[in-house]
Amino acid sequence: MAFLRFSIVSKLFWRKRGSLALKLLCFTFPVIVFCEFLIYYIVIIQCHWPQLKTQTPEGSKQSSRSVLKAMFLADTHLLGEIQGHWLDKLRREWQMERAFQTALWLLQPEIIFILGDIFDEGKWSSSQAWSDDVQRFQKMFRHPDHTELIVIVGNHDIGFHYEMTEFKLKRFSQVFNFTSEKLVTRKGINFVLVNSVAMEGDGCKICRTAEAKLAELSHRLNCSLQEQSQYQKKCSNVVTLPPSSPILLQHYPLYRRSDSQCTGEDAAPLDKKNDPFTEKYDVLSVEASQKLLWWFQPRLILSGHTHSACEVLHDGKIPEISVPSFSWRNRNNPSFIMGSMTSTDFSLYKCFLPSENTVVAVYCVAGAVLVLLMLARFQSLRILPFPFVQHLITKHKAV
């Protein structure tokens, strides 16, 4: 008799459990889709390309064609085989891939710059590990042919100055077509790409080569900006460039004492804001910073490295924007910069990605609701989750 009652309860449980499992799946699946896909569209669709001061809302097709839509992000820090836990890799790299692909689809930038520290362990990774990391990067940051991706070197890609070698620099350059101290011109806008790791100023071979290239670029830009009649002799053999003041792109920020003057929700934490920066480690040296400012007189500087946002004005007129990290691993609220640019003007807008805390909170709330639904379901059926427990209770009542 007890066995018969046990069989009936078991059949009832398994029948109801199948129905319950289907309902739970219908509840959890939308939560996962929201947290892993939809939230990126909901957040990023709110971002927009900034309007230039010289551009009217009803601007002509001619003026819109002259505006370059550029996206700037920094410090992706793809984890390597030594320090990277597989779960950390899976979670944070999925976040960056979804954010990047969603931004590409919704915003349609023409050119994207990543301001260094693409990898976390490029400074010491083996050839095989490097190849694996590059393949992951190319998958995560895949892009259509009409969108250009330009990568700038950072200290985690080739090491700090004392770790940097020609082999590591060449390895990076072969993959990303990065040439130290390179000039990229798009729609009449001059971007100067700087290997800030080589701005040590100690006369090393890589450093000497880098500074020589920068001096040459500076000469070309100056000749392009000045009236040829005044500098006819000095500039007679120079291939001129569009007469536009350059935009400086590098990994290290120019020298500043600390982040104490930085503001905003993605600035450095309060307990770290007043920490003094170390020259040639946190920021460029005073000497290197003055050289770059003197050589190029840029109209804008964009940098990374600190993982936090900051806006600084150099010499009272040259703005520098420190771009926060793009990864949840480095901050809870990553972001990237959108720039509408012409040869004479620019306007910037910061686009935030979904907060990691928001996603975790949604999962926690969904998990709590799920547990409550299961308990309510079992209570309504007057059965316990496990048949053998129900059998013991039934047998005890029969006795």
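This structure is a prediction, so every number in the text was calculated from the model and none was measured.

J.: Kindly report on the state of the cysteines, identifying the contributing residues and their values.
T.: Following the criterion strictly, the structure yields four disulfides and no others. Across the disulfide, C47 is cross-linked to C351 (sulfur-sulfur distance 2.0 Å). Judged by the sign of its S-S torsion, about 80°, the bond between C47 and C351 is right-handed. With a gap of 304 residues between them, C47 in the loop between α1 (2–44) and α2 (61–66) and C351 in strand β11 (residues 346–352) connect regions that are remote in the sequence.

J.: If you had to explain the packing of aromatic side chains to someone new, which residues and values would you point to?
T.: For the coordinates displayed, the defined rule picks out 17 aromatic pairs. Taken together, a centroid distance of 4.8 Å and an interplanar angle of 65° make the contact between F100 and F141 edge-to-face. Here F100, found in helix α3 (residues 86–107), pairs with F141, found in the loop between α4 (127–140) and β3 (148–152); they are 41 residues apart in sequence, far enough to count as distant. Neither residue differs from the other here; F100 and F141 are each classed as buried. Summarising the aromatic geometry, the rings of W130 and F172 are spaced 6.5 Å apart at their centres and angled 55° between planes, so their arrangement reads as tilted. Residue W130 is found in helix α4, and its partner F172 is found in helix α6 (residues 166–176); the two are separated by 42 residues along the sequence. Like F172, W130 is buried. Here the aromatic residues F100, F119, W130, F137, F141, F172, F176, F178, F326 and F336 are joined through ring pairs into a cluster of three or more. In this structure, R98 is placed above the aromatic ring of W94, and the distance from its NZ or CZ to the ring centre is 5.6 Å.

J.: Pulling in residues and values, what's your account of the layout of surface pockets?
T.: Reported here for the largest pocket is a volume of approximately 560 Å³. The wall of the largest pocket is formed by 21 residues, among which K272, D282, H305, T306 and H307 lie closest to the centre. The calculated volume of the second largest pocket comes to roughly 260 Å³. If you trace the second largest pocket, you find 16 residues lining it, with C310, E311, I321, I337 and K350 closest to the centre. Put simply, the parts of the chain that give the lining of the second largest pocket at least two residues each are β8 (310–314), β9 (318–322) and β11. The element best represented in the lining of the second largest pocket is β11, accounting for five residues. Classifying every residue of the lining of the second largest pocket gives nine nonpolar, four polar and three charged.

J.: Report on the pairing of strand β2 (residues 111–115), specifying residues and quantitative values.
T.: Counting buried positions over the five residues of β2 gives five, a clear majority of the element. Burial along β2 is two-sided: the residues I111, F113 and L115 and I112 and I114 are all buried. Here strand β1 (residues 68–73) runs beside β2; their pairing, made up of four bridges, is parallel. The residue bridging F72 from the neighbouring strand is F113, located in β2. Handedness of the β1-α3-β2 crossover: right-handed. Sheet analysis places β2 next to β3, joined by five bridges and oriented parallel. Considered in β3, the bridge of L115 is made with I152. In this fold, β2 hands off to α4, which returns the chain to β3; that crossover is right-handed.

Each value, and the rule that gives it
Residues numbered from 1 in each chain as written. Predicted model: local features only at pLDDT ≥ 70, side-chain atom pairs only at ≥ 80, totals over all residues. Heavy atoms only, no water. Disulfide = S-S within 2.5 Å. Helix = DSSP H or I, 4+ residues; strand = E, 2+ residues; numbered from the N terminus. Phe/Tyr/Trp six-rings, centres within 6.5 Å; stacked < 30°, edge-to-face > 60°. Buried < 20%, exposed > 50% of the residue type's maximum accessible area, 1.4 Å probe, protein only. Lys NZ or Arg CZ within 6 Å of the ring centre and 35° of its normal. 1 Å grid on protein atoms, 1.4 Å probe; cavity = no way out; pocket = protein on both sides within 12 Å on 5 of 7 lines; lining within 4 Å. Points joined across faces, edges and corners; volume = space filled by probe spheres on them. Nonpolar A, V, L, I, M, F, W, Y, C, P; charged D, E, K, R; others polar. Pairing = 2+ DSSP bridges. Right-handed = clockwise from strand over helix to strand, strands pointing away.

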